[in-house]
Amino acid sequence: MSARTTATKQKLFDAALKLVGERGAASVTVDEIAAEAGVAKGTIYYNFASKDALVEALLHHGVEILAGRLRSAEGSEDSLEALVDEMLGFWAEYPAFGQLLVSELWRTPGQWHGTLKLLRDDIVSIVRGQMKRLSDAGRLPEGVEVGTASAALFGTLLVIALDWQVFQPERSRAEVRDSVMLLVRGMRSAR
């Protein structure tokens, strides 16, 4: 893919994400995305077969970025804190993606439910790897199942990040991360 094509797709992703995050995918038109991106409507159809294909590619693109950040945390000294920090950083940088993910994950039946389930499973599997390492080291409370802990951490961070962005934007990322880590570590020490 050429640098120009990559830049155009990124411009379309940014425009679509802004609009879809504000109003939901169903209520946004191709004309609005093109206008927001500052391109002709045909540019969208040249790069994507339809608005739905653009949204689907946007979902994959966002999850690829998030997965890359979470994988980069795996080698850190405190990989759980690094994972929490990376996830909060992603949601801070892409708050509209968090809104899109939440709204589409809970829409029943959602048009992108199958895609979102696969993408969610990709992210949760990275978190699951971290939870498995904690479990193997005896650092999860007795009886806590790794899969449940993984889904709980992912969901908690998504909701906390949205709450932070919408209701507490004055808090720093470090403050939010430290609060999450106090919660996580407090639960572990409550055994």
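Everything below is about the structure shown above.
In short, a report on the structure.

Calculation notes
- Residues numbered from 1 in each chain as written.
- Predicted model: local features only at pLDDT ≥ 70, side-chain atom pairs only at ≥ 80, totals over all residues.
- Heavy atoms only, no water.
- Helix = DSSP H or I, 4+ residues; strand = E, 2+ residues; numbered from the N terminus.
- Buried < 20%, exposed > 50% of the residue type's maximum accessible area, 1.4 Å probe, protein only.
- Core = buried A, V, L, I, M, F, W, Y, C linked by side-chain atoms within 4.5 Å.
- Contact = heavy atoms within 4.5 Å.
- Salt bridge = Lys/Arg side-chain N within 4 Å of Asp/Glu carboxyl O.

1. A short note on the overall build of the protein
No. 1: The number of helices and strands found in the protein is nine helices and zero strands.
No. 2: Reading the protein from its N terminus to its C terminus gives the helix and strand order α-α-α-α-α-α-α-α-α.
No. 3: If one aligns the C-alpha atoms of the protein with their principal axes, the spans along those axes are about 60 × 35 × 35 Å.
No. 4: Here the protein holds 191 residues, and the buried ones make up 40% of them.

2. Brief notes about the nonpolar core
No. 1: Core analysis: the biggest nonpolar cluster contains 60 residues, and Met87, Trp91 and Met131 have the highest contact counts within it.
No. 2: Elements with a contribution of two residues or more to this core: α1 (3–23), α2 (30–37), α4 (51–73), α5 (79–93), α6 (95–106), α7 (113–136), α8 (146–167) and α9 (173–189).
No. 3: Discounting chain neighbours no more than four positions away, the residues touching Trp91 are Leu66, Phe97, Gly98, Leu101, Phe154, Leu157, Leu158, Ala161 and Gln165.

3. A word on the pattern of salt bridges
No. 1: Overall, the coordinates contain 14 salt bridges when judged by the stated rule.
No. 2: Notably, a salt bridge pairs Glu22 with Lys18, separated by 3.3 Å at the nearest N-O pair. Here the residue Glu22 and the residue Lys18 both occupy positions in helix α1, the gap between them amounting to four residues, near one helical turn.
No. 3: The class of Lys18 is partly exposed, set by a relative accessible area of 38%.
No. 4: Residue Asp31 is joined to Lys41 by a salt bridge in which the shortest nitrogen-to-oxygen separation is 3.4 Å. In this pair, Asp31 sits in helix α2 while Lys41 sits in helix α3 (residues 41–47), placing the two residues ten residues apart along the sequence.
No. 5: Via salt bridges that share partners, Asp78, Glu81, Asp85, Arg173, Arg177, Asp178 and Arg185 belong to a single interconnected network.

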